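Coordinate analysis (summary)
Residues per chain are reported as follows:
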Amino acid sequence: MTIMEPEAGASAVADVGDVTVRSAGRRRALMAGLGAVAIGAAGALASAPPAHAAPVAAGAKDVTRAESVADLARLKARDGEVAIVAGYRTPGDAGLLVYVGSEDKVVTANGGTVIAGARDTRWMLQHDGTVDFRVFGIAGPETAADDALDAMVNDPRIRRIEAGTDLLFQRRHRFTRSHLEIDFGGHLVTTDGIEKNTHDNPFGAVLFFTGVSKDVVVEHPLAEPWPELTDAVAVPDASRFPVDSWWAVQCAPVAGGGADERELQRFVRVTQQIDATHIRIDYLNGWPLDTGRKLTWRQMDPVAGIRIANMRFLGAGPFDGPTDGSFPDSRELTGSHPIAFEYAIHCDVADVHASRTWWPVIMRRWNTHFTTERCSVENPPTVFYGGAGYLTQQIYSLYGRVSDCTSSNARHLNDLTASAYCIVENCHGDGDDQGGNPFTTHGQYEHDLTFIGNSGLMDIANSGAQWGTSAKRITVRDHVCSWFVAGTKISDLTLENVRVIGRSTFDPQATMTINADGAQVRGCTAGLLAIGQRSSRSSRPTVIEDSTFALPKDQVLVQTPVTTPVRFVDCTITGIDGVKARGSGPVEFVDCRLSGPASGAPMELGAARVTIRGGSVRDVRLSATAVRDQLVALDGVELGTERTDGALLTRSAGPGVVTWRVSGVSSTVSKGVAHLEIATGVNHARVTGSQFTGGRLRLADGFAEPSTLLYSDTVERGVETALPEAGARVVLADVLTSA
């Protein structure tokens with residue numbers, strides 16, 4: 001093969017068999033380096049173009065070689081001509097590049113996958129669907145990669161984008177294409193000098209993928225009820241809802257509720273046209289809707305199948321500003337974050353690690369079927385400005401999985417707002433003292449959410465009345481934190497092996513609050529336990545079982561609004577000192593161990609029915625408040641104290657009639673302490689089958705007419721008794737006494 005040295009602006013030409021080879025630019029050892037391998041590859045390309053490549057004209061024999069893209073751009077491209085380029089600027093800086101010529105002037109040159117050749121021709125990059133930023137000459141953050149990103153994302157031939165270097169982006173991109181993977185290869189993405197965002201816009205991300213409206217809206221009142229957990233819904237005309245079409249559906253706000261209080265806001269797919277006026281969707285409705293409730297359906301063409309992975313992201317400064325979330329804060333305009341999805345299906349994120357981000361690292365709204373895994377956020381500029389400083393937020397989303405993620409000194413690791421059927425697993429948030437709580441839901445009618453094996457503060461459905469403060473069927477298992485708050489309108493909360501461990505720098509009381517609306521707590525540990533009631537939707541009882549609590553002094557254990565039964569089973573409750581159970585609903589302790597300091601104030605029991613069955617009560621004074629008529633029942637309980645005064649069981653001078661049922665009790669006290677002291681009000685007592693050792697019994701003053709007393713089958717050992725005289729209203733029988 002003989003190669004002639006070209007004149008300035010010309011190209012060398014050589015004959016190799018039936019293949020003509022042109023070389024652009026300087027003759028170098030590179031040409032020899034390409035050798036037969038490169039020419040063989042070129043021959044193969046000329047005869048059989050790869051998938052996604054521009055067609056090569058039949059019979060084409062020309063192979064062009066160049067050291068750089070700039071050299072190639074000086075050549076006129078001929079239809080089907082193959083060009084082998086050693087690098088973008090220098091040999092090897094972008095790998096071996098292969099182009100095919102095109103004389104189609106309509107194709108827009110972009111400096112990477114489409115190179116402008118001489119005389120308004122084009123060189124089309126040949127690839128297998130995977131393209132690197134280096135193909136556009138992006139060798140690092142010195143050059144902004146925005147144009148290259150736009151060119152690749154908007155090229156349907158490209159299915160995977162890779163980064164081989166750190167990158168700089170200075171624009172906020174909005175894309176509508178689907179089925180694309182972007183892999184940043186673990187490189188750092190920076191955004192210094194990025195264009196300003198608009199106000200209150202968490203979708204102003206560097207990468208924002210969104211579906212497109214189809215300009216079809218259907219509004220109608222429900223012609224019939226839409227029951228809970230039903231995927232069939234009545235519509236005016238089912239033919240307007242094609243099978244496999246996607247819709248953003250929402251109901252009208254709750255009458256008399258908050259401005260944004262809606263039970264239904266979901267992105268759903270039509271799976272069946274049942275009949276002329278009924279369709280089926282891919283969602284079991286979490287909240288019942290009555291006849292007449294208005295629904296609005298907006299048809300969307302969703303973005304689908306996007307995957308973004310392996311990115312390190314550093315947000316744009318400045319990082320100083322208001323520390324309390326106050327307005328104005330210019331950083332909401334200048335700050336940056338990497339990823340957002342809206343009207344999206346099967347769009348996943350993995351291994352994205354961000355620092356100094358303003359809005360959520362991964363922002364989702366109207367999403368379904370997605371995963372976020374092995375991602376992290378640390379040190380956002382603020383944890384107080386609403387919506388800022390998150391790792392990920394999901395609004396109106398379904399069927400999501402967030403796993404193996406972490407946060408440090410952030411606001412929320414995970415926020416599920418108006419979402420359902422999602423799981424959060426093995427995620428861990430630290431830096432709670434900085435003001436955030438890693439795990440939260442908004443209270444906008446979330447349902448069927450599961451948290452497993454996580455650590456960090458948790459605050460469920462607590463964002464305010466504007467959104468409804470409601471949630472349903474939230475399950476938390478194997479969770480560790482120093483603060484757990486779930487006291488709003490949360491129905492059927494399930495907690496299993498949740499450990500709240502106090503921390504002096506945040507919440508030394510180790511707070512756990514729950515709503516007595518079907519809450520079930522098993523195997524949990526906390527300090528302060530507060531049980532309130534703000535809703536009555538559940539059909540199951542509220543049960544706290546096999547759990548341990550260390551209550552602070554004067555804790556209100558059961559709050560005044562509680563009207564439903566609360567049952568403690570096999571629990572250990574310590575620190576009882578002035579503890580109050582104020583709710584009117586029944587309170588039951590079964591096989592529990594209750595204890596307090598020997599000098600503690602009485603435990604005030606205000607429930608209409610208080611039952612203590614089995615277990616033990618040590619150093620605790622139980623006092624019926626008598627604020628209402630009450631039944632106080634002790635059955636098979638072991639009572640005892642080290643104190644030297646007061647009474648273990650007594651009542652206040654409230655107006656209520658108190659009925660006492662004391663059976664099978666074993667009580668041991670020291671001199672000066674009363675086992676049972678009833679000295680005021682109207683009382684009806686039955687004390688049977690019990691044993692009292694030491695101390696006193698004081699009943700004489702509490703059973704004036706119309707009170708009644710049955711005191712029988714008891715054993716008294718060394719007890720000083722003061723009982724009323726037997727008569728029509730007082731029966732004393734079968735009492736065994738000894739010194």
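Notes on the structure in this doc start here.

Criteria and thresholds
Residues numbered from 1 in each chain as written. Predicted model: local features only at pLDDT ≥ 70, side-chain atom pairs only at ≥ 80, totals over all residues. Heavy atoms only, no water. Pairing = 2+ DSSP bridges. Helix = DSSP H or I, 4+ residues; strand = E, 2+ residues; numbered from the N terminus. Phe/Tyr/Trp six-rings, centres within 6.5 Å; stacked < 30°, edge-to-face > 60°. Buried < 20%, exposed > 50% of the residue type's maximum accessible area, 1.4 Å probe, protein only. Lys NZ or Arg CZ within 6 Å of the ring centre and 35° of its normal. Core = buried A, V, L, I, M, F, W, Y, C linked by side-chain atoms within 4.5 Å. Contact = heavy atoms within 4.5 Å. Salt bridge = Lys/Arg side-chain N within 4 Å of Asp/Glu carboxyl O.

A closer look at the pairing of strand E43 (residues 542-545)
Note: strand E40 (residues 520-522) against E43, three bridges, orientation parallel. Bridge pairing in E43 links Gln520 to Val543. By the bridge criterion, four bridges tie E43 to strand E46 (residues 566-569) in an arrangement that is parallel. Of the residues in E46, the one forming a bridge with Thr542 is Val566.

So, the packing of aromatic side chains
Counted by the stated rule, this structure contains 21 aromatic pairs. Where Trp287 meets Tyr445, the ring centres are 4.8 Å apart and the plane angle is 80°; that geometry is what we call edge-to-face. You can see Trp287 sitting in the loop between strand E18 (278-281) and strand E19 (294-301) and its partner Tyr445 sitting in strand E33 (residues 444-452), a full 158 residues away along the chain. Of the residues examined, Trp287 reaches a relative accessible area of 3% and is grouped as buried. Connected via pairs of aromatic rings, a cluster forms that spans Trp246, Phe267, Tyr343, Trp366 and Tyr396. Geometry around Trp366 places Arg298 over its ring, the cationic atom sitting 5.4 Å from the centre. In this structure, Lys472 is placed above the aromatic ring of Trp287, and the distance from its NZ or CZ to the ring centre is 4.0 Å.

Some remarks on the nonpolar core
Ranked by size, the top nonpolar core spans 144 residues in total, and within it Phe133, Phe209, Phe484, Met512 and Phe568 carry the most contacts. If you tally residues by element for this core, the top one is helix H3 (residues 146-153), at five residues. Excluding its chain neighbours within four sequence positions, the residues that come into contact with Phe209 are Val153, Phe175, Arg177, Leu180, Ile182, Val303, Ile306, Ile308, Ala340, Phe341 and Glu342. The next biggest cluster of nonpolar side chains, apart from the first, holds 21 residues, and it includes Val233, Trp247, Val249 and Cys251.

A few points about the pattern of salt bridges
By the definition in use, this model includes 35 salt bridges. The partner of Arg365 in a salt bridge is Glu342, with the nearest N and O atoms 2.7 Å apart. Here Glu342 lies in strand E22 (residues 339-345) and Arg365 lies in strand E24 (residues 362-373), a separation of 23 residues in the sequence. Across the salt bridge formed by Glu588 and Arg567, the nearest N and O atoms sit 3.2 Å from each other. Of this pair, Glu588 sits in strand E49 (residues 587-590) while Arg567 is found in strand E46, placing the two residues 21 residues apart along the sequence. Here Glu588 falls in the buried class, since its relative accessible area comes to 19%. Using a relative accessible area of 32% as the deciding quantity, one classes Arg567 as partly exposed. Within this structure, Arg160, Glu162, Glu181, Asp183 and Arg307 form a network of salt bridges that share partners.

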